[in-house]
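One letter stands for each residue in the lines below.
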Amino acid sequence: MTTITKSSPFTLAVCAEMVFRSLPVIDRLKRLTELGFQAEIWDWTKHDIAAIARSGATFSSMTGYVTGTLADDAGADELLRTARLSIPVAKELNCPRLNLHGTGLDGQGLPVVKSEVVTGAMWLKAVDTLKRIADLGEEEGVTFVLENLNEAVDHPKTPFAKAADTIALVSAVNRPSLKLNLDLYHAQIGEGNLIELCRTALPHIGEIQVADVPGRKEPGTGEINYPAIAVALDTMGYRGTIGMEAWPESDDELALTRFRNAFSI
């Protein structure tokens, strides 16, 4: 009998904030590296950057700002200011992508500036802000990515939360230094139809993030057919990063095995 060995056509990364949480972050990064994964981090101000740079990890993405928003003058200036501060950190970590949201998020993932309604003026301001971000990215040789979120479960009243919103904004700017961080966990809650969403977003994707629904656990624990999505992405020609941003259902290494299996073809 012939044994078929599967492998992943994608680069697989894991959020170090969400796995091996009983370990110090340095040890989490080393363990992920031993297991063959790249690593992602959130707020860089909470880490000893020099120490994690020496960990041996390959970093896939990090939060690319500290405070600020897309759609008002003061917030946009603050976003640009803290994005500029984030760039030397990304360069020290050799991290290629700096992640953005529609507005700053607090420690519980709630929007710092809540939006009941996103007005036309806010859309125009957001596009202008992202053009400034794209200018900064080109100037510094880095790529910013705009992540979609969900309002129903994790991030209520976040402006520009849906994947359709982030696609519209990034395509309106249409610059190589600004891409999408297409989060399929958030998109399943907010929109669904994930394979067609990937197809629509494909020209603008900088990275794809995944977790299952419900519960934000690893692929294979919920309703999303990630193996089918993996085949579809491979067929579309996507060869970029898939990042697991999920809480392990039980065992951390089992979660990582399930993730790798879901995206091996």
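Preceding block: the structure.
As the structure is a prediction and not an experimental result, all values here were calculated from the model.

Trainee: Can you help me understand the overall build of the protein chain in this one?
Mentor: Across its full length, the protein chain carries 9 helices and 8 strands. Considering only C-alpha atoms, the protein chain reaches an extent of 65 × 40 × 30 Å along its principal axes. Expressed as a percentage of its 265 residues, the buried residues of the protein chain come to 52%. The long-range fraction of contacts in the protein chain, counting pairs at least 24 apart against all pairs at least 6 apart in sequence, stands at 74%. A gap of 2 Å separates the mean positions of the 25 positive and 35 negative side-chain charges of the protein chain.

Trainee: What am I meant to see in the pattern of salt bridges here?
Mentor: Pairs can form between side chains of opposite charge once their charged atoms are near each other. Within the structure shown, the criterion is met by 19 salt bridges. Residues joined in a network through salt bridges with shared partners are Arg84, Lys91, Glu139 and Glu140.

Trainee: Is there a simple way to explain the environment of leucine 105 in this structure?
Mentor: If you trace the backbone, leucine 105 turns up in the loop between β4 (97–100) and α4 (120–140). For leucine 105, a relative accessible area of 25% puts it in the partly exposed group. Through-space distance from the C-alpha of leucine 105 to that of arginine 175 is 25 Å; in sequence the pair is 70 residues apart. Setting aside anything within four residues of it in sequence, one finds leucine 105 in contact with Tyr65, Leu110, Pro111, Val112, Leu149, His155 and Thr158.

Trainee: Teacher, can you tell me more about the side chain of glutamate 218 here?
Mentor: Locating glutamate 218 in the fold gives a position in the loop between β7 (205–210) and α8 (226–236). Those residues in contact with glutamate 218 that sit more than four places away from it in its chain are Asp212, Met244, Ala246, Trp247, Pro248, Glu249, Ala255 and Arg258.

Trainee: What should I look at first to understand the packing of aromatic side chains in this one?
Mentor: Given two aromatic rings, one states the distance between the centres and the angle between the planes to describe the pair. Inspection of every chain in the model, using the stated rule, returns 7 aromatic pairs. Measuring from centroid to centroid gives 6.2 Å for phenylalanine 10 and phenylalanine 263, while their planes differ by 80°, and the two rings are edge-to-face. Taken together, the residues span a long stretch of sequence, with phenylalanine 10 in the segment before β1 (11–15) and phenylalanine 263 in the segment after α9 (252–262) at a distance of 253 residues. The pair formed by phenylalanine 10 and phenylalanine 263 is uniform in burial state, with each residue classed as buried. When the ring of phenylalanine 259 is compared with that of phenylalanine 263, the centres are 5.8 Å apart and the planes differ by 65°; the resulting orientation is edge-to-face. We note that phenylalanine 259, like phenylalanine 263, is buried.

Trainee: In this structure, what is going on with helix α1 (residues 25–34)? I would like to understand it.
Mentor: In an α-helix there are 3.6 residues to a turn, and that puts residues three or four apart on one side. Those residues of α1 lying buried are Arg28, Leu29 and Leu32. The buried residues of α1 occupy one face: seen down the axis, they fall within an arc of 95°. As for α1, its buried residues are in contact with β1, β2 (38–40), α2 (49–53), β3 (59–63) and α9.

Cut-off values and rules
- Residues numbered from 1 in each chain as written.
- Predicted model: local features only at pLDDT ≥ 70, side-chain atom pairs only at ≥ 80, totals over all residues.
- Heavy atoms only, no water.
- Helix = DSSP H or I, 4+ residues; strand = E, 2+ residues; numbered from the N terminus.
- Buried < 20%, exposed > 50% of the residue type's maximum accessible area, 1.4 Å probe, protein only.
- Contact = heavy atoms within 4.5 Å.
- Lys, Arg positive; Asp, Glu negative; His and termini not counted.
- Charge placed at Lys NZ, Arg CZ, Asp CG, Glu CD.
- Salt bridge = Lys/Arg side-chain N within 4 Å of Asp/Glu carboxyl O.
- Phe/Tyr/Trp six-rings, centres within 6.5 Å; stacked < 30°, edge-to-face > 60°.
- Arc of directions from axis to C-beta.

Nothing here speaks to function; it is geometry throughout.
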